[in-house]
Amino acid sequence: MANPKSRTIVVCGAPAVGKSSLTIQFVENHFVDSYYPTIQSAYNKVIRFRGQEIAAEIIDTAGQDEHSILSSTHTVGIHGYVLVYSITSRQSLELAKLIREKILNFKGTDSVPMVLVGNKTDLHMQRQLTPEDGRDLASKWGCSWIEASAKLHETTTRIFDLMIAEIEKSINPD
Ligand code: GDP
Ligand code: MG
């Protein structure tokens, strides 16, 4: 395809929730057991969406906490946000709320294309959050929600399909 649409996606969330593992599983098809936690990396992948090819740039951030300050690299020219928490950490969902607030404040908007992702479903014995905890929050926010495991490639594909759908919906509402 000559000129595929390009879309820039930021993967954000608390430290150690699996942002890098999800991103690498999606882009490279394997599970990384440990990844340097403070590094930010960008990945490119062509995503097929409803018969179109979309050139996605995926920015895997170093992670945010209550003290982190967003910069324009996380907000300017970004089409959508994959906001990750871990189902094993109630605190990571609390941080997700703060991170979303920071994004909206920085952008000066009250809504942004977003997918809320509850990661680490394979660690069900350590679950601190029910599916409803995430689903209810996402419905309040008016964004997509999904649970996933970075060990399962299929669930990471669904995350980015939802992300592209949210972005396309915001650009061309029907
Ligand atoms: P990040 O700081 O959000 O980028 O988190 P990482 O991707 O570096 O993951 C932090 C730790 O959690 C690593 O030891 C990963 O192997 C582990 N991890 C990430 N996702 C999953 C998952 O879905 N299931 C399990 N069991 N471990 C995960
Ligand atoms: Mg990381």
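Our structure is the block above this text.
Residues numbered from 1 in each chain as written. Chains lettered and ligands numbered in written order. Predicted model: local features only at pLDDT ≥ 70, side-chain atom pairs only at ≥ 80, totals over all residues.

**Structural notes on the pairing of strand β2 (residues 41-49)**
Bridge count between β2 and strand β3 (residues 52-60): 9 bridges; the pairing is antiparallel. Of the residues in β3, the one forming a bridge with Lys-45 is Ala-56. Between β2 and β3, which follow one another and run antiparallel, lie 2 residues, and Arg-50 among them has a positive phi close to 45 degrees. (Pairing = 2+ DSSP bridges. Helix = DSSP H or I, 4+ residues; strand = E, 2+ residues; numbered from the N terminus.)

**With respect to the sheet that holds strand β4 (residues 80-86)**
Strand order in the open sheet made by the 6 strands is β2-β3-β1-β4-β5-β6, with mixed pairing throughout. This sheet does not close on itself; its edge strands, each paired only once, are β2 and β6 (144-147). With direction set aside, neighbouring strand axes in the sheet form an average angle of 25 degrees. Bridging between strand β1 (residues 5-13) and β4 involves 5 bridges; their strand directions are parallel. Within β4, the residue paired with Val-10 across the bridge is Tyr-81. Against the sheet, helix α2 (residues 90-107) contacts β1, β4 and β5 (114-119), and its axis sits at roughly 160 degrees relative to β4. Sheet strands in contact with helix α4 (residues 153-171) are β1, β2, β3, β4, β5 and β6, and its direction is about 160 degrees off that of β5. (Axes fitted to C-alpha atoms, helices over the stretch in contact; angles between N-to-C directions. Contact = placed C-beta atoms within 7 Å.)

**Remarks on the site of ligand 1**
Residues in close proximity to ligand 1 total 19 residues, the closest being Gly-18, Lys-19, Ser-20, Ser-21 and Ala-150. Sorting elements by how many residues they give to the shell around ligand 1 places helix α1 (residues 19-28) first, with 3 residues. Taken together, the residues of the shell around ligand 1 break down into 7 nonpolar, 7 polar and 5 charged. (Near = placed C-beta within 6 Å. Nonpolar A, V, L, I, M, F, W, Y, C, P; charged D, E, K, R; others polar.)

**Regarding the environment of Val-84**
Topologically, Val-84 is positioned in strand β4. C-beta crowding within 10 Å serves as the criterion here: with 30 such atoms nearby, Val-84 is assigned to the buried category. A C-alpha to C-alpha distance of 19 Å links Val-84 and Met-125, two positions 41 residues apart in sequence. Apart from the residues within four sequence positions on either side, Val-84 is in contact with Val-11, Gly-13, Val-17, Gly-18, Lys-19, Leu-22, Val-117 and Asn-119. (Buried ≥ 20, exposed ≤ 12 C-beta atoms within 10 Å, placed from the backbone.)

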